[in-house]
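Next come the chains, spelled out residue by residue.
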Amino acid sequence: MKRILITGAAGFLGSHLSDRFIKEGYEVIGMDNLITGDMDNIAHLLPLEHFSFHHHDVSNYVHIAGDLDYILHFASPASPIDYLKMPIQTLKVGSLGTHNLLGLAKAKGARILIASTSEVYGDPLVNPQPEEYWGNVNPIGPRGVYDEAKRFQEAMTMAYHTYHSVEIRIARIFNTYGPRMRVNDGRALPTFFSQAIESKDITVYGDGSQTRAFCYVDDLVEGIYRLLHSDYSLPVNIGNPDEITILQAAQEVIEIVEGTTSKIIQQELPKDDPKVRRPDITKAQNILDWFPTVDRHDGFRRTYEYFKTKFGG
Ligand code: UDP
């Protein structure tokens, strides 16, 4: 039986990945410091023989007894409001946390996949973004703590590959959504669903003309699973190229939520908010034979069903 360590296991992506690897017959060791994760996301896994949970902050030395085949490093605050509230932790988990996990991978001879991000492209000057694009990041802006930690993470991971022959995989993850996002996560879709369910104003920042391309979580998990098992060491974009404006996303949420009387209001656009974002997924298609299959309307509906349960529906 293969053993895999998943950091950020109680979070949105980490918990879905834990489910997938359990289903595939792996022994899963979940790790989380629970600053943004939620034990509810993995409560169903705790009784299982092949799942264990360690409450630990990976920015401190990480000890795992026994063999380890794989590491998925998914621990990090991931919402702009979280990294504004926790800038130092965000910097530390992407840098010190990554260093600890690369050291662990080296010691155990494990393959490590790190969760990088479309934020390495910053406010991009090319659209869509291919992996070859170096990005347009403001290091000292509010997003710098996340963006630069993730860029450092990629550099450190590549260095361990080059100098220590550690087997690495780098996923550049674009906006992903679905069940288990937090109601107060602050990102666009969970915020819009929560607001619409409670018939509160829908807060669109700026004029809503900025774009994002939203990937349903099941597609993301499939992409990560394939990337881990591939033999490709350079970064791969994982996301859905279905690009829409934020205003359109808000309107579609209102259409889906039954009985809502929410209206869209405009609020100030946060500093350095990327104007466009869309993955070029040619590499993922060619190397992993992967393409997202969940269409936006279906994904939005499934997400709505989840958020309804969070409001007693
Ligand atoms: N956004 C918004 N209203 C909200 C939350 C976010 O209009 O209540 C906008 C935000 O300014 C950005 C886009 O939606 O342009 C996506 O934001 P999110 O926080 O989901 O993540 P990002 O893609 O910026 O990292």
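The present account deals with the structure reproduced in this document. This structure is a prediction, so every number in the text was calculated from the model and none was measured.

Rules of the game
- Note that residues are indexed from 1 along each chain, following the sequence as it is written.
- Per-residue local features of the predicted model are confined to residues with pLDDT of at least 70, and side-chain atom pairs are confined, for both listing and counting, to 80 or more; whole-chain, interface and lining totals are unaffected and use all residues.
- By convention in this description, side-chain values take in all heavy atoms of the structure and omit both hydrogens and water.
- Secondary structure follows DSSP: runs of H or I at least 4 residues long count as helices, runs of E at least 2 residues long count as strands, and numbering of each begins at the N terminus.
- With a 1.4 Å probe rolled over the protein chains alone, any residue whose accessible area is under 20% of its type maximum counts as buried; one over 50% counts as exposed, and the rest are partly exposed.
- By definition, residues are in contact when any of their heavy atoms lie within 4.5 Å.
- Neighbouring residues are identified by heavy atoms, a residue being near a molecule or strand if any of them is within 4 Å of it.
- For the purposes of these results, a polar contact is taken to be a pair of N or O atoms within 3.5 Å, where, inside protein, one atom must be able to donate a hydrogen and its partner to accept one; residues adjacent in sequence count only when each atom of the pair is a side-chain atom.
- Here, Shrake-Rupley sampling with a 1.4 Å probe gives the accessible areas, and only protein chains in the shown set may cover a residue.
- Between Lys or Arg on one side and Asp or Glu on the other, a salt bridge is scored when a side-chain nitrogen of the former is within 4 Å of a carboxyl oxygen of the latter.
- What a helix should span is 1.5 Å times the count of its residues minus one.
- Note on aromatic pairs: the rings of Phe, Tyr and Trp (six-membered ring only in Trp) are paired at centre separations within 6.5 Å, and the planes decide the class, stacked below 30 degrees, edge-to-face beyond 60, tilted for the rest.
- Here, a charge over a ring is recorded when the distance from Lys NZ or Arg CZ to the ring centre is within 6 Å and its angle to the ring normal is within 35 degrees.

### Some words on the environment of Phe193
No. 1: Note that Phe193 resides in helix 5 (residues 188–197).
No. 2: Look at Phe193 and you get buried, because its relative accessible area is 0%.
No. 3: Distance in space between the C-alpha atoms of Phe193 and Lys106 is 42 Å, their sequence separation being 87 residues.
No. 4: Once residues lying within four places of it in the same chain are set aside, the contact partners of Phe193 are Val253, Val257, Phe300, Thr303, Tyr304 and Phe307.

### Some details on the site of the ligand
No. 1: As a structural note, the neighbourhood of the ligand is formed by 18 residues, with Thr203, Tyr205, Arg212, Asp273 and Arg277 the closest of them.
No. 2: Ala188 places a polar main-chain atom, nitrogen or oxygen, 2.8 Å from an oxygen atom of the ligand.
No. 3: One of the side-chain N or O atoms of Arg277 is found 2.7 Å from an oxygen atom in the ligand.
No. 4: In the complex, the protein chains occlude 96% of the 510 Å² of accessible area that the ligand would expose alone.

### Digging into the pattern of salt bridges
No. 1: Counting across every chain of the model gives 27 salt bridges.
No. 2: Across the pair Asp185 and Arg182 runs a salt bridge, and its minimum N-O distance is 3.9 Å.
No. 3: Overall, the relative accessible area of 3% leaves Asp185 in the buried class.
No. 4: Looking at Arg182, the relative accessible area reads 22%, which means it is partly exposed.
No. 5: One network of salt bridges, with partners in common, ties together Asp82, Lys85, Arg182, Asp185 and Arg187.

### Concerning helix 1 (residues 12–23)
No. 1: Relative to the 16 Å expected for 12 residues at 1.5 Å per residue, helix 1 spans 17 Å between its end C-alpha atoms, a close match to the ideal helical length.
No. 2: Most of helix 1 is tucked away, with 10 of its 12 residues classed as buried.
No. 3: Residues of helix 1 that are buried: Phe12, Leu13, Gly14, Ser15, His16, Leu17, Ser18, Arg20, Phe21 and Ile22.
No. 4: Backbone geometry just after helix 1 places Gly25 at a positive phi near 90°.

### Description of the packing of aromatic side chains
No. 1: Overall, the coordinates contain 13 aromatic pairs when judged by the stated rule.
No. 2: Between Tyr306 and Phe307, the ring centres sit 5.4 Å apart and the planes meet at 85°, which makes this aromatic pair edge-to-face. This pair shows no difference in class: Tyr306 is buried, exactly as Phe307 is.
No. 3: Site record: aromatic cluster; members linked through ring pairs are Tyr177, Phe193, Phe214, Tyr216, Phe300, Tyr304, Tyr306 and Phe307.
No. 4: One cation-aromatic arrangement involves Arg20 over Tyr225; the distance from NZ or CZ to the ring centre is 4.3 Å.

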